[in-house]
Amino acid sequence: MSTLLEVSGVSVTFDGYKAIRNLSFRIGEAEMRAIIGPNGAGKTTFMDIVTGKTRPDEGRVIWGEKSVNLLRMNEARIAQEGIGRKFQRPTVFEDQTVHANLLMSLRNPRGSFPCLFYRPNRRDQVRVEELAEEIGLSGELHRKSGELSHGQKQWLEIGMLLAQEPRLLLVDEPAAGMTLAEREHTTDLLKEAAKTRAVVVVEHDMEFVRRLECKVTVLHEGSVLAEGSLDHVTSNPQVIEVYLGR
Ligand SMILES: Nc1ncnc2c1ncn2[C@@H]1O[C@H](COP(=O)(O)OP(=O)(O)OP(=O)(O)O)[C@@H](O)[C@H]1O
Ligand SMILES: [Mg+2]
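Residues numbered from 1 in each chain as written. Chains lettered and ligands numbered in written order. Predicted model: local features only at pLDDT ≥ 70, side-chain atom pairs only at ≥ 80, totals over all residues. Heavy atoms only, no water.

S.K.: Sorry, what's going on with the sheet that holds strand β9 (residues 215-220) here?
M.R.: What the six strands build is an open sheet, ordered β6-β7-β8-β3-β9-β10; its pairing is mixed. What marks the edges here is a single partner per strand, and that holds for β6 (83-86) and β10 (223-228). The average undirected angle you get between the axes of adjacent strands in this sheet is 20°. Pairing between β9 and β10: five bridges, direction antiparallel. Pairing of V216 across the sheet is with G228, part of β10. Across the sheet, helix α9 (residues 237-244) touches β3 (32-36), β9 and β10, and the angle it forms with β10 is around 120°. (Pairing = 2+ DSSP bridges. Helix = DSSP H or I, 4+ residues; strand = E, 2+ residues; numbered from the N terminus. Axes fitted to C-alpha atoms, helices over the stretch in contact; angles between N-to-C directions. Contact = heavy atoms within 4.5 Å.)

Written out as structure tokens, the structure is:
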């Protein structure tokens, strides 16, 4: 698998505290990867660094076949490079329908968002329907997004990110607050998305991680503690001590 993202020797200090310490690892093209680790391990900070929200003190974040350094780019430029991020709290436009939310998120070849009241062409319509199908909201297209359940809003937001056709999707704790059935649907959806792009998922729910059936990276105190299959990392005594044995 060729490398899509490489984090190399990255360190971040917040008020004298080293939250990320010489962090290095790689994500492959169209790879699904789970990141686990105790609270404060640096999982969210890793996503902040990749998306340009937090600037590290040192290290490199290398992206794509041209090996560009993301640390030289601002947040908007990084998003344009094809890195999408889902935050914990859904940020859909509640007054708008599911259809409108998806439509306004579609990647426009001219690089601007279509405005809310423009008349979508046939291709955009088809794409919105495909996205709704992919996230399991085909039956909800004309409902106001504010009426959706918490889980449905999360899927809509994932759909809005997929509408941008990212090459890398970063998802922070998607299962939080979801029912078991919603969590299962979320795993299916992310696995489907990872067939055509890389998906990195931070999650504390081990059953959720198991269903992702992917390589797992364990972070602890800002560095990689272990990496491999879920069975491999969860039988590592250090991982048990710092994370699982809590
Ligand atoms: N903007 C910030 N300013 C100061 N300290 C921060 C900031 N962001 C994160 N930290 C600190 O950096 C460390 C790593 O935090 P981070 O949020 O990345 O952990 P996490 O692995 O995502 O934890 P959790 O599982 O609780 O979400 C923590 O000690 C946190 O308090
Ligand atoms: Mg976090």
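Next comes the rest of the account.
S.K.: Would you mind going over the packing of aromatic side chains with me for this structure?
M.R.: Two aromatic rings are characterised by how far apart their centres lie and by the angle between their planes. Scanning the model with the defined rule gives one aromatic pair in all. Each ring, one from F25 and one from F46, has its centre 5.1 Å from the other, and the planes form 45°; the classification is tilted. Taken together, the residues span a long stretch of sequence, with F25 in strand β2 (residues 17-28) and F46 in helix α1 (residues 43-50) at a distance of 21 residues. For R167, the ring lying beneath its charged end belongs to W63, and the centroid distance is 5.5 Å. (Phe/Tyr/Trp six-rings, centres within 6.5 Å; stacked < 30°, edge-to-face > 60°. Lys NZ or Arg CZ within 6 Å of the ring centre and 35° of its normal.)

S.K.: Before we go on, may I ask you to explain the nonpolar core in this structure?
M.R.: If you look at soluble globular proteins, the nonpolar side chains tend to sit buried side by side. Counting 43 residues, the largest nonpolar core has M32, L102, L156, L190, V199 and L212 as its most contacted members. Ranked by residue count, the leading element in this core is helix α5 (residues 150-162), at six residues. When neighbours within four sequence positions are excluded, V199 is seen to be in contact with E31, M32, R33, L169, V171, L190, A193 and A194. Counting residues in each nonpolar core, the second largest holds 28 residues, with L5, F46, V50 and V202 among its members. (Core = buried A, V, L, I, M, F, W, Y, C linked by side-chain atoms within 4.5 Å. Buried < 20%, exposed > 50% of the residue type's maximum accessible area, 1.4 Å probe, protein only.)

S.K.: Help me understand the environment of V10 in this model?
M.R.: Looking at where V10 falls in the secondary structure, it is placed in strand β1 (residues 3-14). For V10, a relative accessible area of 1% translates into the label buried. For V10 and R21, which are eleven residues apart along the polypeptide, the C-alpha to C-alpha distance reads 6.5 Å. Not counting residues within four places of it along the chain, the set of residues in contact with V10 comprises I20, R21, N22, L23, I49, P56, E58, G59, R60 and V61.

S.K.: What is the right way to look at the pattern of salt bridges in this model?
M.R.: Pairing is possible between side chains that carry opposite charge, provided their charged atoms lie close to one another. For the structure on display, the rule yields 18 salt bridges. In this structure, the salt-bridge partner of E165 is R127, at a minimum N-O distance of 3.9 Å. One end of the pair, E165, is in the loop between α5 and β7 (168-172); the other, R127, is in helix α4 (residues 122-135), with 38 residues separating them in the sequence. Classification of E165 by relative accessible area gives partly exposed; the value is 38%. Through salt bridges that share partners, E31, R33, K215 and E227 make up one connected network. (Salt bridge = Lys/Arg side-chain N within 4 Å of Asp/Glu carboxyl O.)

S.K.: Honestly, the pairing of strand β8 (residues 198-202) in this entry has me stumped. Any pointers?
M.R.: For a regular strand, side-chain orientation follows a simple rule: the groups alternate between the two sheet faces. Within β8, five of the five residues are buried, leaving the element largely enclosed by the surrounding structure. Taking every second residue as pointing to the same face, both faces of β8 are buried, with A198, V200 and V202 on one and V199 and V201 on the other. Where β3 and β8 come together, four bridges link them in parallel fashion. Note that in β8 the partner of R33 across the bridge is V200. Bridge count between β7 and β8: five bridges; the pairing is parallel. Paired with D172 across the strands is V202, a residue of β8. In this fold, β7 hands off to helix α6 (residues 180-193), which returns the chain to β8; that crossover is right-handed. (Right-handed = clockwise from strand over helix to strand, strands pointing away.)

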